[in-house]
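Each chain is listed here by its residues.
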Amino acid sequence: MGIDAASWVRTFAALIEENAEQLTALDAAIGDADHGDNMRRGMTAAVAALEESGASDPAQVCKQTAMVLIRSIGGASGPLYGTFFLRCASALESGSDTAELAKALRAGLDGVVARGKAEPGDKTMVDALTPAVDALDTALAEGGSAAEAFDAAVRAAEQGRDATTALLARKGRASYLGERSVGHQDPGATSAALLIRAAREALR
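To keep things clear, this report deals only with the structure shown in the data block. Worth saying up front: this structure is predicted, and the values here are computed from it rather than measured. (Residues numbered from 1 in each chain as written. Predicted model: local features only at pLDDT ≥ 70, side-chain atom pairs only at ≥ 80, totals over all residues. Heavy atoms only, no water.)

A look at the packing of helix H1 (residues 5-30) against helix H8 (residues 187-201)
Phase 1: Between H1 and H8, the least distance of the axes is 9 Å, while the angle of their chain directions is 165°. Between H1 and H8, the angle is such that the two are roughly antiparallel. Viewed along their axes, H1 and H8 form a crossing whose handedness is right-handed. Here H1 contributes Trp-8, Thr-11, Phe-12, Leu-15, Ile-16, Asn-19, Gln-22, Leu-23, Leu-26, Asp-27 and Ile-30 to the contact with H8, which in turn contributes Pro-187, Thr-190, Ser-191, Leu-194, Leu-195, Arg-197, Ala-198, Ala-199 and Glu-201.
Phase 2: Tallied by class, residues from the contact of H1 with H8 come to 12 nonpolar, five polar and three charged. (Axes fitted to C-alpha atoms, helices over the stretch in contact; angles between N-to-C directions. Helix = DSSP H or I, 4+ residues; strand = E, 2+ residues; numbered from the N terminus. Parallel < 35°, antiparallel > 145°, perpendicular 65-115°, else oblique. Left-handed = near helix turned anticlockwise from the far one by under 90°. Contact = heavy atoms within 4.5 Å. Nonpolar A, V, L, I, M, F, W, Y, C, P; charged D, E, K, R; others polar.)

And the structure:
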C-alpha cells in the first residue's frame with residue numbers, strides 16, 4: 001500500500017479550507033491572525049498547479065507543491081511547509097509504498113526542524129509532526145498495516161496538537177508573548193495535524 005500524492009495534496013487543501021477560520025482564530029490569539037488565510041491561499045494554489053500540470057508521480061507532486069507553497073504562503077509557514085514537501089519529494093524518488101512514505105515523512109520532519117530550528121516542546125508544528133512520525137515508525141516496526149500505522153500517526157499528531165495548549169511558546173511570533181502564550185493551541189501544530197490526517201485519507 002502506498003500513497004496517492006496528488007490526493008494527499010488535494011485532501012490537505014480541503015481540510016485547510018474546512019478549518020481555515022479556526023486556524024486564523026488560533027493565530028489571532030498568539031500570532032498574526034493570518035495562518036488560515038495563508039494556508040488556504042497556498043493550498044488553493046497548489047491544487048491549481050496540480051490541475052494545470054497533471055503531475056501524478058509522488059516525487060514530482062511533492063516538489064511542485066513545495067515550490068508553490070514557498071512562493072504563495074507568507075510568513076514562516078511557506079518556507080516550512082515548502083521544505084517539508086521538498087524533503088518528502090527527495091525521499092519518494094525511489095518509490096511510494098508505506099515504508100518509503102514513512103521515510104519521506106521523517107525526511108520532511110527533519111527538514112522542518114532544520115529550517116525552523118524548533119524542537120518538541122517549543123509550541124510549533126514540530127509538536128504534532130514529531131509524535132506522528134514516531135508513532136508511524138513504531139507501528140510499522142511492530143508489523144502494523146499501513147492503515148493501522150497511519151491511524152496511530154493521526155492520533156499522535158492530534159495529541160501533540162492538543163498538548164501545545166499548555167506549552168510556553170519558544171519560537172516564532174508567539175514567543176514574544178512569553179507567559180501569555182500559555183493556554184492557546186498552536187495554529188501550526190493544528191495545520192500539521194491536518195497534514196497527517198490528509199496522508200491517512202490518501203492511502204490507497
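Digging into helix H5 (residues 98-116)
Counting along an α-helix, one turn takes 3.6 residues, and residues three or four places apart therefore face a common direction.
Phase 1: Compared with the 27 Å implied by 1.5 Å per residue over 19 residues, the 27 Å span of H5 between its first and last C-alpha is a close match.
Phase 2: All buried positions along H5 are accounted for by Thr-98, Glu-100, Leu-101, Ala-102, Ala-104, Leu-105, Ala-107, Gly-108, Leu-109, Gly-111 and Val-112.
Phase 3: Buried residues along H5 sit in contact with H1, helix H4 (77-92), helix H6 (126-141) and helix H7 (146-163).
Phase 4: Looking at the residues trailing H5, positive phi occurs at Lys-117, about 55°. (Expected span 1.5 Å × (residues − 1). Buried < 20%, exposed > 50% of the residue type's maximum accessible area, 1.4 Å probe, protein only.)

Some points on the environment of Glu-21
Phase 1: Position of Glu-21 relative to the elements: it lies in helix H1.
Phase 2: You can call Glu-21 exposed: its relative accessible area is 68%.

Thoughts on the side chain of Gln-185
Phase 1: Mapped onto the secondary structure, Gln-185 falls in the loop between H7 and H8.
Phase 2: Taking relative accessible area as the criterion, Gln-185 reaches 17% and is therefore assigned buried.
Phase 3: Only 2.9 Å separates the side chain of Gln-185 from the side chain of Thr-190, close enough to count as a polar contact. (Polar contact = N/O pair within 3.5 Å; in protein donor to acceptor, adjacent residues only side chain to side chain.)

A closer look at the layout of surface pockets
Phase 1: When its volume is computed, the largest pocket comes out at roughly 580 Å³.
Phase 2: Along the wall of the largest pocket there are 27 residues; nearest its centre are Ala-76, Ser-77, Leu-80, Gly-172 and Arg-173.
Phase 3: Counting residues per element, the lining of the largest pocket draws most heavily on H4, which supplies three residues.
Phase 4: Of the residues in the lining of the largest pocket, the class split is 10 nonpolar, 10 polar and seven charged. (1 Å grid on protein atoms, 1.4 Å probe; cavity = no way out; pocket = protein on both sides within 12 Å on 5 of 7 lines; lining within 4 Å. Points joined across faces, edges and corners; volume = space filled by probe spheres on them.)

Side note on unusual backbone geometry
Phase 1: Notably, Ala-33 is not glycine yet its phi reads approximately 60°, a positive angle.
Phase 2: One can find Ala-33 in the loop between H1 and helix H2 (35-53).
Phase 3: In this structure Ala-33 comes out as partly exposed when scored by relative accessible area, which is 32%.
Phase 4: With a phi angle near 70°, Lys-123 is a residue other than glycine that sits in the positive phi range.

Things to note about the packing of aromatic side chains
Phase 1: A complete count under the given rule lists four aromatic pairs for this structure.
Phase 2: Ring geometry for Trp-8 versus Phe-84: centroids 6.4 Å apart, planes at 75°, classification edge-to-face. Here the residue Trp-8 occupies a position in helix H1, and Phe-84 occupies one in helix H4, the gap between them amounting to 76 residues. Across the pair, Phe-84 and Trp-8 agree in class, each one buried.
Phase 3: Between Phe-12 and Tyr-81, the ring centres sit 5.8 Å apart and the planes meet at 40°, which makes this aromatic pair tilted. In this pair, Phe-12 sits in helix H1 while Tyr-81 sits in helix H4, placing the two residues 69 residues apart along the sequence.
Phase 4: Assessed through its relative accessible area of 1%, Tyr-81 is described here as buried.
Phase 5: Among the aromatic residues, ring-to-ring pairing joins Trp-8, Phe-84 and Phe-85 into one connected group. (Phe/Tyr/Trp six-rings, centres within 6.5 Å; stacked < 30°, edge-to-face > 60°.)

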